[in-house]
Structures are given as structure tokens and as C-alpha cells.
Amino acid sequence: MNREKVRNEIVGHNVILKQITMQDTDLIVKWRNNPEVMKNFIYRGEFTHETHKHWMETKVARGEVLQYIIMTKRDRIPVGSVYYRDIDRNNSAEYGVFIGEDSARKKGVGSETARLFTRYGIEELGLHRIYLRLLAGNDIAYRTYEKAGFKKEGVFRDMVYLDGEYRDVIFMSLLEEDIPTEDL
């Protein structure tokens, strides 16, 4: 990944992505413990200030994670987060996103963020492959990822045990040629 191309802010039509700081800890903790967010994560443990501090010090500070806060462009209200993790020497990274504010869901924020951040990852950071894991049944997120250019690679049947049942995990990826051509 081309670290010289890392921007403090990425501006879209309706969202702004700003690099995360320790000052965002309270928001991240609140959002990650929101039941609507947590139900779509494989990791279901309580997310604490210490958890986030450790993430920032061991992952973000070392460049293993590139994370941004999603804000509405009109009023710069923080509504969620998007990140690349496990960035490797093959120019591959895992994509993750969550909309933490209930009022911002189903308003196109996730869709625009997915298109904006993946285009940034491929075109500016020099990523070759962006992949994600998704719990089966999260159909809204699946459609959002498809619109952003992600392709389904496969399903790992009964990969995780959550809420008293085994759940399938869908793997998707996006390569440079998969980026939609329409303007953001």
C-alpha cells in the first residue's frame, strides 16, 4: 500500500471520511456496543475503551489498519466507521464498515462509503485486492457490497457459532477491474 497517499479526509457527495483519532474513542465504543451493529459482527464481546485504545496503539499506529470516521457532509455529524485491516505486502486488505447511528441507516451512507473507500483504496493507495467477510443473512450489506463492485468468492458453511446457532460466512472481494465506472 502506498502510505504517502494516505489522506486525512476523503470527500464524497454526501459523506466525508476523516482519519480516526483517540478522540473518537467514545463514539467507537458506543457504536460497537449498539445491538444493531453488534449483530453483524463475528466478534460479539463487549467493546471497551481499553479495547479501542489497544486497537489504536497496536493496529492503527503501526499501519496494519487504516480507519476513518464516516461523517455526513452537510453537517459533519459522525455516523460510523470504515477501515482496512490486515494490509499486507501483496497489496491486499480486509474491508470493514459499520453505521453506528441508527438514524443514519438505510439512507445510502453505507453504499456511498463503500464506493468511495474502495475506489480510494484501489486508485490512490495502490491496493490490488480488497476483501470482506459477511455473516449470511445480512442481505442489505450484501447488496451494498455488490453495488460497490465486490464479487462473491464463496460461503464457509457453519463457520461461526453465534447466538446459539452455527452461521455461514460469505467471503467477497473486489479487484481494480471490479470498480464501478459511474461517478461518485
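Model, not experiment: these values are computed from the prediction. (Residues numbered from 1 in each chain as written. Predicted model: local features only at pLDDT ≥ 70, side-chain atom pairs only at ≥ 80, totals over all residues. Heavy atoms only, no water.)

1. Overview of helix α3 (residues 49–60)
Condition: Partly exposed residues are those whose accessible area sits between 20% and 50% of the maximum for their type, while under 20% is buried and over 50% is exposed, using a 1.4 Å probe and protein chains only. Helix and strand definitions follow DSSP, with helices as H or I runs of at least four residues and strands as E runs of at least two, each counted in order from the N terminus. Working rule for contacts: check all heavy atoms of both residues, and any pair within 4.5 Å makes them a contact. Two N or O atoms count as a polar contact when they lie within 3.5 Å, although within protein this holds only if one can serve as hydrogen donor and the other as acceptor, and sequence-adjacent residues are included solely when both atoms are side-chain atoms.
Of the positions making up α3, those classed as buried are H52, W55, M56 and T58. Where α3 is buried, its residues contact α1 (25–32), β3 (65–72) and β4 (78–85). Put simply, T48 is the residue that caps the front of α3, since its side-chain oxygen is 3.3 Å from the backbone nitrogen of E50.

2. A short note on the nonpolar core
Defined as follows: We call a set of buried residues a nonpolar core when its members are Ala, Val, Leu, Ile, Met, Phe, Trp, Tyr or Cys and they connect through side-chain atoms within 4.5 Å of each other.
Of all hydrophobic cores here, the largest spans 35 residues; its most connected members are L17, I70, Y84, Y95, F117, Y145 and F150. Where this core is concerned, the elements lending two or more residues are β2 (15–19), β3, β4, β5 (92–99), α4 (109–123), β6 (129–135), α5 (139–147) and β8 (165–175). Apart from the residues lying within four places of it in its own chain, the contact partners of Y145 are Y95, V97, L132, L134, F150 and M172. Counting residues in hydrophobic clusters, the runner-up holds 15 residues, among them I20, V29, F41 and M71.

3. Focus: the sheet that holds β3
Spelled out, the test is: At least two DSSP bridges between two strands are required for those strands to pair. Between N-to-C directions, angles span 0 to 180 degrees; the directions come from axes that are lines fitted to C-alpha atoms, helices contributing only their stretch in contact.
Within the open sheet, the eight strands sit side by side as β1-β2-β3-β4-β5-β6-β8-β7. Their pairing is mixed. Unpaired on one side and paired on the other, β1 (9–11) and β7 (151–162) mark the two borders of the sheet. When strand polarity is set aside, the average angle formed by the axes of neighbouring strands in this sheet is 25°. Note: β1 against β2, three bridges, orientation antiparallel. Of the residues in β2, the one forming a bridge with E9 is K18. Across the face of the sheet, α1 comes into contact with β3, β4 and β5 while running at roughly 90° to β4.

4. Regarding the side chain of T113
Looking at where T113 falls in the secondary structure, it is placed in helix α4. Here V109 takes part through its backbone oxygen, which lies 2.8 Å from a polar atom of the side chain of T113. In this view, T113 contacts V15, L17, I70, V82, Y95, V97 and T118; residues no more than four positions away in its chain are not counted.

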